[in-house]
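# Structural characterization, general
Each chain, letter by letter, is given below.
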Amino acid sequence: MNILITGGAGFIGSNLVAHMVRKYPDYTIVNFDKLTYAGNLESLKSVEGAKNYHFVKADICDKAAVAKVLSEFKIDSIMHLAAESHVDRSILGPEEFLNTNMHGTFVMLEAARKHWSESEPIEAIRRVFLNVSTDEVYGSLGAVGTFTEASPYAPNSPYSASKAGADHLVRAYFKTYALPTVITHCSNNYGPYQFPEKLIPLMIMNAIEGKDLPVYGDGLNVRDWIHVDDHCKALDGVLHQGRLGETYNVGSDNEWENIRLVRTLCAILDEVSEASPVKPHDGLIKYVKDRPGHDQRYSIDSSKIKSELGWEALIGFEAGLRSTVKWYLENLGWCQRLRSGEYKDYYSENYKDNA
Ligand code: NAD
Ligand code: DAU
């Protein structure tokens, strides 16, 4: 099977590419990524030399580049992750979010439709366009309730609106053209290789550098956290067994108020970070102005994927959080190169043949 993964140099993408390359040595895995500020090929060192792995630097909005990669590698299935992903950036500048997340997804869908209509139908090969989306398309919950696949769309940020728009196009391509699509809606991911603009790595990095830990509003907003490895296994399951035209919610029943999570991270760092300039770390917590349109609470009901595909989240939060903190402490060079911008040189230095 030949699989295209878009956005494979990002946080979830790089974990997914590594998972797929290792688990399926007989597949061809092609990572298609523009290498925006969020794309980092250093995160893929572990699979760089693998025979079944290929990297293509290109933009999902570039029709010719997308058509070329689909035909050159005879792509059977697509796991579409490429996106602008950070809510705060979408508030500061929504246009790139609409371009990449909506127009880019349209280009991918149209190219897949053309490519598969021109490809020989092979019964044994599964063709899927898996659109990796987010629970944020459902909007915000109050103190009770949970998002199911039947929850109405009600996005509140330019980011979530652009992801919702992409989902609607995916649905339309299934209904109108019978394109073999599936959508997933996952909750907040954490784990290795997450860009330190997102809550957990930002707090870890700021804390060990003795900087303020900015908590938005009253800190009582709730997020439902899942380890990225569990998400990757869910995507693998949906790719192979998900019912076409369906949506699957993915989460790990793990709701935390932001302030409680930040305090827990501080307590772990008090134990394990000997070199921190300020201890206890929770002395660095600073309540700051709230995010505009800040969703109050997310909660994901994953019973459909559990019952249909036998998937379940296996990584407990306590263990996952500790291993993530440890990973960041052991990979300070990775973070420092991100912060200095030096990580951008990795492509030209290590992918000379592609450059
Ligand atoms: P990320 O920002 O870490 O990575 C995004 C990747 O997409 C980067 O490698 C970037 O270079 C690439 N990219 C951006 N624009 C591109 C373009 N025009 N052409 C080609 N590549 C492009 O994002 P992430 O957190 O890994 O999220 C991946 C996907 O999963 C996104 O679609 C996001 O909406 C979704 N998602 C994320 C989470 C989460 O908690 N992070 C949860 C649910 C769903
Ligand atoms: O729910 C899935 C979504 O989770 C994904 O679709 C997005 O791509 C991903 O970025 C994430 O969105 P959030 O907005 O929930 O994640 P973020 O890490 O930005 O923020 C988590 C919570 O922490 C949120 O309530 C805002 C708050 N926060 C965030 C930052 C960066 C703070 O209080 N302080 C901060 O500095």
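The structure under discussion appears in the preceding block.
Overview of the structure. (Residues numbered from 1 in each chain as written. Chains lettered and ligands numbered in written order. Predicted model: local features only at pLDDT ≥ 70, side-chain atom pairs only at ≥ 80, totals over all residues. Heavy atoms only, no water.)

### A closer look at the overall build of the chain
In plain terms, the rule: What counts as a helix is a DSSP run of H or I of at least four residues, what counts as a strand is a run of E of at least two, and both are numbered from the N terminus. All radius of gyration figures rest on C-alpha atoms, and the globule criterion is 2.2 Å times the number of residues raised to 0.38. Each residue is assigned to one of three classes by its accessible area relative to the maximum for its type, calculated with a 1.4 Å probe on protein chains only: buried under 20%, partly exposed between the two thresholds, exposed over 50%. Any pair of residues with heavy atoms lying within 4.5 Å of one another is described as a contacting pair. The accessible surface values rely on the Shrake-Rupley method and a 1.4 Å probe; as for residues, cover is taken only from the protein chains in view. His is not counted, nor are the chain ends; Lys and Arg add positive charge and Asp and Glu add negative charge. A single reference atom marks each charge: NZ on Lys, CZ on Arg, CG on Asp, CD on Glu.
When helices and strands are counted, the chain shows 12 helices and 12 strands. Over its C-alpha atoms the chain spans a radius of gyration of 20 Å, differing by no more than 12% from the 20 Å that the globule rule assigns to 355 residues. Seen through its principal axes, the chain has C-alpha atoms that stretch 65 × 50 × 40 Å. In the chain, which comprises 355 residues, the proportion classed as buried is 54%. Of the contacts formed within the chain by residues at least 6 apart in sequence, a portion of 82% connects residues at least 24 apart. Carbon and sulfur atoms make up 52% of the accessible area of the chain, which totals about 15,100 Å². Counting 37 positive and 47 negative side-chain charges, the chain places the centres of these two groups 2 Å from one another.

### Focus on the site of ligand 1
Test applied: Near residues are defined by distance, with any heavy atom within 4 Å of the molecule or strand qualifying the residue. Here a polar contact is recorded for every N or O atom pair within 3.5 Å, except that within protein the pair must consist of a potential hydrogen donor and a potential acceptor, and residues adjacent in sequence are included only if both atoms are side-chain atoms. Here the nonpolar group is Ala, Val, Leu, Ile, Met, Phe, Trp, Tyr, Cys and Pro; Asp, Glu, Lys and Arg are the charged ones; every other residue, Gly included, is treated as polar.
In the neighbourhood of ligand 1, 28 residues make up the surrounding shell, with I12, D33, S85, Y159 and K163 lying closest. In the environment of ligand 1, a nitrogen atom lies 3.0 Å from a nitrogen or oxygen atom belonging to the backbone of I60. Here S85 contributes a side-chain N or O atom positioned 2.7 Å from an oxygen atom of ligand 1. Considered on its own, ligand 1 offers 840 Å² of accessible surface; in the complex 97% of this is hidden by protein. Those elements that place two or more of their residues in the shell around ligand 1 are α1 (11-23), β5 (129-134), α5 (158-177) and β7 (188-190). Considering each element in turn, the shell around ligand 1 owes the most residues, three residues, to β5. A per-class count over the shell around ligand 1 returns 13 nonpolar, 11 polar and four charged.

### Quick look at the sheet that holds strand β9 (residues 222-227)
Two strands in a sheet stick together by hydrogen bonds in their backbones, pointing the same way (parallel) or opposite ways (antiparallel). As a reminder, the rule being used: When DSSP locates at least two bridges between a pair of strands, those strands are taken to pair. Orientation is described by axes fitted as lines to C-alpha atoms, over the contacting stretch for helices, and by angles from 0 to 180 degrees between their N-to-C directions.
One open sheet accounts for three strands, arranged β7-β9-β11; its pairing is mixed. For this open sheet the edge positions go to β7 and β11 (255-257), each flanked by a neighbour on one side alone. Direction aside, the axes of adjacent strands within the sheet are offset by 50° on average. As judged from the three bridges shared by β9 and β11, these two strands associate in the antiparallel manner. Bridged to V222 within β11 is E257. On the sheet, helix α8 (residues 258-272) packs against β9 and β11 and is oriented at approximately 85° with respect to β11.

### Section: the layout of surface pockets
The cut-off we apply is this: Cavities and pockets are defined on a 1 Å grid built over the protein atoms alone: a cavity is a set of grid points where a 1.4 Å probe fits but cannot escape, while a pocket is an open set with protein on both sides within 12 Å along at least five of seven lines, and lining residues are those with an atom within 4 Å of any such point. Grid points are joined across faces, edges and corners, and a volume is the space filled by probe spheres set on the points.
The computed volume of the second largest pocket comes to approximately 260 Å³. Y153, R171, I183, G245 and T247 are the residues nearest the centre of the second largest pocket, which is lined by 17 residues in total. Broken down by secondary-structure element, the contributors of at least two residues to the lining of the second largest pocket are α5 and β6 (181-186).

### Here's the deal with the nonpolar core
Quick note on the threshold: Only buried residues count toward a nonpolar core. Its members are Ala, Val, Leu, Ile, Met, Phe, Trp, Tyr and Cys residues joined through side-chain atoms within 4.5 Å.
Ranked by size, the top nonpolar core spans 40 residues in total, and within it I5, M20, L41, M79 and L130 carry the most contacts. Not counting the four nearest positions on each side in its chain, I5 is found in contact with L16, V17, M20, I29, V30, N31, F32, M79 and L81. By size, the runner-up hydrophobic cluster in this structure holds 31 residues, among which are M203, L213, L265 and C335.

### Overview of the sheet that holds β6
Pairing within the open sheet is parallel, and its seven strands lie in the order β3-β2-β1-β4-β5-β6-β10. Looking at the sheet topology across the chains shown, the edges are occupied by β3 (53-57) and β10 (247-250). Pairwise comparison of adjacent strand axes, ignoring direction, gives a mean angle of 20° for this sheet. Across four bridges, the pairing between strand β1 (residues 2-6) and strand β4 (residues 77-80) is parallel. From the neighbouring strand, L4 faces β4, where its bridge partner is I78.

### Looking at the packing of helix α4 (residues 95-118) against α5
When two helices pack together, their arrangement is given by the angle between the helix axes and by the axis-to-axis distance. What counts here: Any angle between 65 and 115 degrees counts as roughly perpendicular, while under 35 counts as roughly parallel, over 145 as roughly antiparallel, and the rest as oblique. Take the far helix as the reference: if the near one is turned anticlockwise from it by less than a right angle, the crossing is left-handed, and if turned clockwise, right-handed.
Axis separation between α4 and α5 bottoms out at 8 Å; the angle between their running directions is 15°. Looking at the two axes, α4 sits roughly parallel to α5. When you trace α4 past α5, the crossing you get is right-handed. Residues F97, L98, N101, M102, T105, F106, L109, E110 and R113 of α4 form the contact with α5, whose own contacting residues are Y159, A161, S162, K163, G165, A166, L169, V170, Y173 and Y177. Looking at the contact of α4 with α5 residue by residue, the class counts come to 12 nonpolar, four polar and three charged.

### Considering the packing of aromatic side chains
Stated precisely, the cut-off is as follows: Aromatic rings from Phe, Tyr and Trp, taking only the six-membered ring of Trp, are treated as a pair when their centres fall within 6.5 Å; an angle between ring planes under 30 degrees marks them as stacked, one over 60 as edge-to-face, and anything in between as tilted.
A complete count under the given rule lists 17 aromatic pairs for this structure. Between Y24 and Y27 the ring centres are 4.4 Å apart and the planes differ by 5°, which places this aromatic pair in the stacked class. Both residues of the pair, Y24 and Y27, belong to the buried class. Here the aromatic rings of Y138 and F147 are separated by 5.1 Å at their centres, their planes lie at 35°, and the arrangement is tilted.

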